[in-house]
Amino acid sequence: MDFGPHLLLASLEGAVTAAILALTAMGLSIVFGVMRVVNVAHGEFYMLGAVIAWWVTSLVGGHPAIGFVLALGIAPLVVGLMAAAADKLILQKINYDPDRTIVATIGLMYIIQQTTLMTFGPDARPVQPPFNTRLALPWFEYGESGFAMVWPWGLSITSYKLFVIVAAVAILTTLWLVITRSKIGLIMRATQLDSETAQAFGVPVDRVYMWVFGLGAGLAAVGAVLVVPIQQAHYLMGHDPLLLAFITVIIGGLGSLPGTIIAAILIGMSDGVISVFFSPTLAKIIATLVVAMVLAFRPQGLLGRSVH
Amino acid sequence: MTDTQRSQGLHLGVIALLAAAFFILPTYHVGNLSRIMVLAIYAIGYNFLFGYTGLLSLGHALFFAAGMYGLGLSMELFDLSAAPALIVGLASALVVSAVIGFLALRTSGVSFMIVTLMFAQAGYLTILYFGSYTRGDEGFVIPQADRAMFGFDLSNDTTRYFAALLLFSICFLAVARLVQSPFGRTLIAIRENEERARMLGYNTVSHKLKAVIISGTISGLAGAAYALLFGYAGATFATVQYSIFPLLWVLLGGAGTTIGPLIGVIFMFYLIDLSSSITSAYMLIAGVVLVLLTLFAPQGLAGELRKRVFKWMP
Amino acid sequence: MDAMNILSTKGLTKAYGGIKANTDIDFVLPRGKTMALIGPNGAGKSTFVGMLCGRIPATSGDVFFEGQNINALAAHQRISLGIAYTFQITSVFAGLSLHENVALAARRRLGTDTAAVNAKVADVLARVGLTERTDQIAGDLSYGHQRLLEIAMGLAQDPRLFILDEPTQGLADSEVADFIALINALAGETTILLIEHNMHVVMQTAAYITVLNGGEILAAGTPDEIHANEAVQAAYLGTTTNA
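Reading the values: rules and limits
Residues numbered from 1 in each chain as written. Chains lettered and ligands numbered in written order. Predicted model: local features only at pLDDT ≥ 70, side-chain atom pairs only at ≥ 80, totals over all residues. Contact = placed C-beta atoms within 7 Å. Helix = DSSP H or I, 4+ residues; strand = E, 2+ residues; numbered from the N terminus. Pairing = 2+ DSSP bridges. Nonpolar A, V, L, I, M, F, W, Y, C, P; charged D, E, K, R; others polar. Axes fitted to C-alpha atoms, helices over the stretch in contact; angles between N-to-C directions. Parallel < 35°, antiparallel > 145°, perpendicular 65-115°, else oblique. Left-handed = near helix turned anticlockwise from the far one by under 90°. Buried ≥ 20, exposed ≤ 12 C-beta atoms within 10 Å, placed from the backbone. Right-handed = clockwise from strand over helix to strand, strands pointing away. Expected span 1.5 Å × (residues − 1). Bend = angle between axes of the 7 residues up to and from the residue.

**Q** Can you lay out the interface of chain C and chain B for me, pointing to particular residues and giving the numbers?
**A** Opposite the 17 residues of chain C that make contact, chain B presents 14 residues. Only α2 (75–80) and α3 (98–110) of chain C provide two or more residues apiece to the side of chain C that touches chain B. Among the elements that make up the side of chain C that touches chain B, the one with the highest residue count is α3 of chain C (five residues).

This is how it looks when you write it as structure tokens:
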């Protein structure tokens, strides 16, 4: 394949990565934005989403689409409820103290991960995509007879991957409308601005925190359900998304939702492109160093504003 | 008895007890204990920063690995003998902690945790990237013949035990003394109220940087000692997990207490030892312990003891 | 070196975004005297002293201490020159003993000389009347005692200039009387800059008064001159003398 088609392919793969990353990072970003806590167990909620999706699809027979649609509904719901319960039982008890929350969520991370190891086992398990047509993509070349449309061998994408991109855009748009237009969103934003004042105005801050934490985990689970037909479910699969989501949220500016989306696209695309052309390890080294430097020298992130 | 005499008695008693344990305990536990003492050095280094200065780092594995690979690679690639290699290990940890400290101390709180985490992750990936030298996750063995210093064979169970005890005692007593010194007390003041310390005329940034360097270098000593005494260096020791372990030990034993790190390591070591004979998911225990600690004993075992019984405990 | 004045400012200005908290403040502080800085809430008093001791970076203008321009010095360096500062909101090392709180303040100057540090601690704790509580944990003290501890921490530094930000706020009447006696005992020994709302305290202690209003100096002079100043009466005294 020539450079041009190769780059197009890399960009498409990058767009899929960006779509999943945007969902996962958005969950982390909302939790940080509203509650000002860092959820280290976020990657494990993602992993749980994938494992539950496998479990649902393996129980339901018939066409793979039936199981998939069920999983897309059930997995985020179950994961969200579990996270809300963890918030009520642990984080609320330690008053969201920033240091102790990190330690507690590290503990939660191991509990979820290792319990999955004990029950689900150490193997990676696949989920059937609901549909998976291979779509060949055209490329334009300037040849002897002027511009011509060619179909380079290997330049293709599956219908499922396109669906992932569309689904992520739809979910994030809905989320955006909920946060900016609805009463639920208003309550969330009020709590984010000043939880004490919000409490004084009758906002049940504890319950808002609980459901925001659940929503954050649920978004990670949605991302995982979407990804699991492409990547298999495995008990350690939460590690990389956690790191990438962290990077995204930091680059985008802690707690800034539009920043998170833009950073997700930037990082997802460049991850796709870089890992096609360079060693993935080198790409990760550069990415983590960039994040550390951004935090040290521009703590408000690339798009965030400084906090007073 | 004054409090100072009491705490000196306590520290010397702990060391005497560890020395006696060699003659009393069965071989299996003696072997465990030499590993525990080396890991306790790591915990002591971590506690100096977290317990006494109030800085929570999630990247100490980088310092541990700097010591481990500083020693290991200089023996493996440049055929250095053990003593100069140990110096190289210490020097690498010192340099790495100075650079990371300088950069990470521009931030505080949650950002400090994430910055240290990211640098450590970059360090881990770098070890993997140069896999042709480091052998990545698989690691490399330091030949038994090379593991000798001043005429002592450090691969021998007895010398290894007492070498570990010697290093542990030096760090244990030195840190106990340091935290009682004016410098250590200023660090405690920074932990309690940094802005107030600054407005008393203390250069808090330079104090914190010194604390990171001391903490990082002690952690590096632990890494180098681990490689030398147990003859192995591997990238596993640079993973996030090995940054979380010292936090766990110190929280469990009691942050900001001199004996907390040792207690934490012993407790956790045997907890994992016992549970790994039952299940391969032994880290589950670590997770449960962490959550229970944050909920019920945020001051750790030694911390709760100090609060309730021995108020004089250092 | 300015023999008369220990500290002065030229055109000191602080702007937050477009809003000016302090505008072009030219200020002189006579050596060895007690000066009170008064003004209504939001007049910019705390911002002003924050810029003096380096907690708040100035937008423009100069600060001179002992004739030396200290603009470039960080807060801890300015403190090292001999400026002590007590916080408006009580800020002690809540988890440490009173002895250790004061020792930390004394040790920066006295260094590792334990005997000298202990003597200093005993001396200043006696001066503020907290001797019996030496071994208590600072966080367990009443609010009034914590304010006294703050003052003790300032005294332990043997400052050349002692800045107190609303030291009597929240004190009982008897404690206020003790505070006035303490400040008057220090007069002549050191220079004191007092931010104060309580006019009774100001009139009992200050040799000079500077009035800040809307981020600018409205008037400066002796208590009698300030009392007679119509602009001050209109802006400030008229509304708060009764309070």
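**Q** Go over the sheet that holds strand β1 (residues 5–16) of chain C with me, naming the residues and quoting the values.
**A** All names here are of chain C. Here we have four strands laid out as an open sheet, ordered β2-β1-β4-β5, and antiparallel in their pairing. Among the strands making up the open sheet, the edge pair consists of β2 (19–30) and β5 (68–69). Relative to strand β4 (residues 60–65), β1 is paired through five bridges, and the arrangement is antiparallel. Opposite leucine 7, over in β4, you have phenylalanine 65 as the bridge partner.

**Q** I'd like to hear about the interface of chain A and chain B, residue by residue, with values.
**A** Counting residues at the interface gives 35 residues for chain A, matched by 34 residues for chain B. Secondary-structure elements contributing two or more residues to the side of chain A that touches chain B are α4 (98–119), α9 (239–252) and α11 (280–297) of chain A. Looking at the side of chain A that touches chain B, the element that brings in the most residues is α4 of chain A, giving 16 residues. Of the residues belonging to the side of chain A that touches chain B, the class tally is 26 nonpolar, five polar and four charged.

**Q** Help me get a handle on the pairing of strand β9 (residues 208–213) of chain C, residues and values and all.
**A** Look at any regular strand and the pattern is simple: side chains alternate between the two faces of the sheet. Residues and elements named next belong to chain C. Bridge count between strand β3 (residues 34–38) and β9: four bridges; the pairing is parallel. What sits directly across from isoleucine 38, in β9, is valine 211. In terms of strand pairing, β9 meets strand β10 (residues 216–221) through five bridges, oriented antiparallel. Bridging from a neighbouring strand, leucine 212 pairs with isoleucine 217 of β10. The turn joining β9 and β10, which pair antiparallel and follow one another in sequence, is formed by two residues; a positive phi near 55° is taken by glycine 214.

**Q** Which residues make up the packing of helix α2 (residues 27–52) of chain B against helix α12 (residues 260–276) of chain B, and what values go with them?
**A** Residue and element names in this part refer to chain B. Between α2 and α12, whose axes approach to 8 Å, the crossing angle comes to 130°. Judged by the angle between their axes, α2 and α12 are oblique. For α2 against α12, the interelement crossing comes out right-handed. Touching Asn32, Ile36, Leu39, Ala40, Ala43, Ile44, Asn47 and Gly51 of α2 are Gly260, Pro261, Leu262, Gly264, Val265, Ile266 and Phe269, all from α12. Across the contact of α2 with α12, the residue classes break down as 10 nonpolar, five polar and no charged.

**Q** Tell me about the pairing of strand β8 (residues 191–195) of chain C, and please be specific about residues and values.
**A** Residues and elements named next belong to chain C. Counting buried residues along β8, five of its five residues qualify, which places the element largely inside the surrounding structure. Side chains Thr191, Leu193 and Ile195 project from β8 onto one buried face, and the interleaved Ile192 and Leu194 project onto a second face that is buried too. Examined bridge by bridge, β3 and β8 share four bridges and lie parallel to one another. Looking across to β8, one finds that leucine 37 is bridged to isoleucine 195. Judged from the five bridges that link them, strand β7 (residues 161–165) and β8 form a sheet pairing that is parallel. Pairing of leucine 161 across the sheet is with threonine 191, part of β8. For the crossover that starts at β7, traverses helix α6 (residues 173–186) and ends in the parallel β8, the hand is right-handed.

**Q** Requested: an account of α2 of chain B, with residues and values cited.
**A** Think of an α-helix as turning once every 3.6 residues; residues three or four places apart then point the same way. Residues and elements named next belong to chain B. Relative to the 38 Å expected for 26 residues at 1.5 Å per residue, α2 spans 35 Å between its end C-alpha atoms, a close match to the ideal helical length. For α2, the principal kink sits at tyrosine 46 and spans about 35°. Counting buried residues in α2 gives 19 out of 26 residues, a clear majority hidden from the surface. A positive phi of about 80° marks glycine 54, the residue just after α2.

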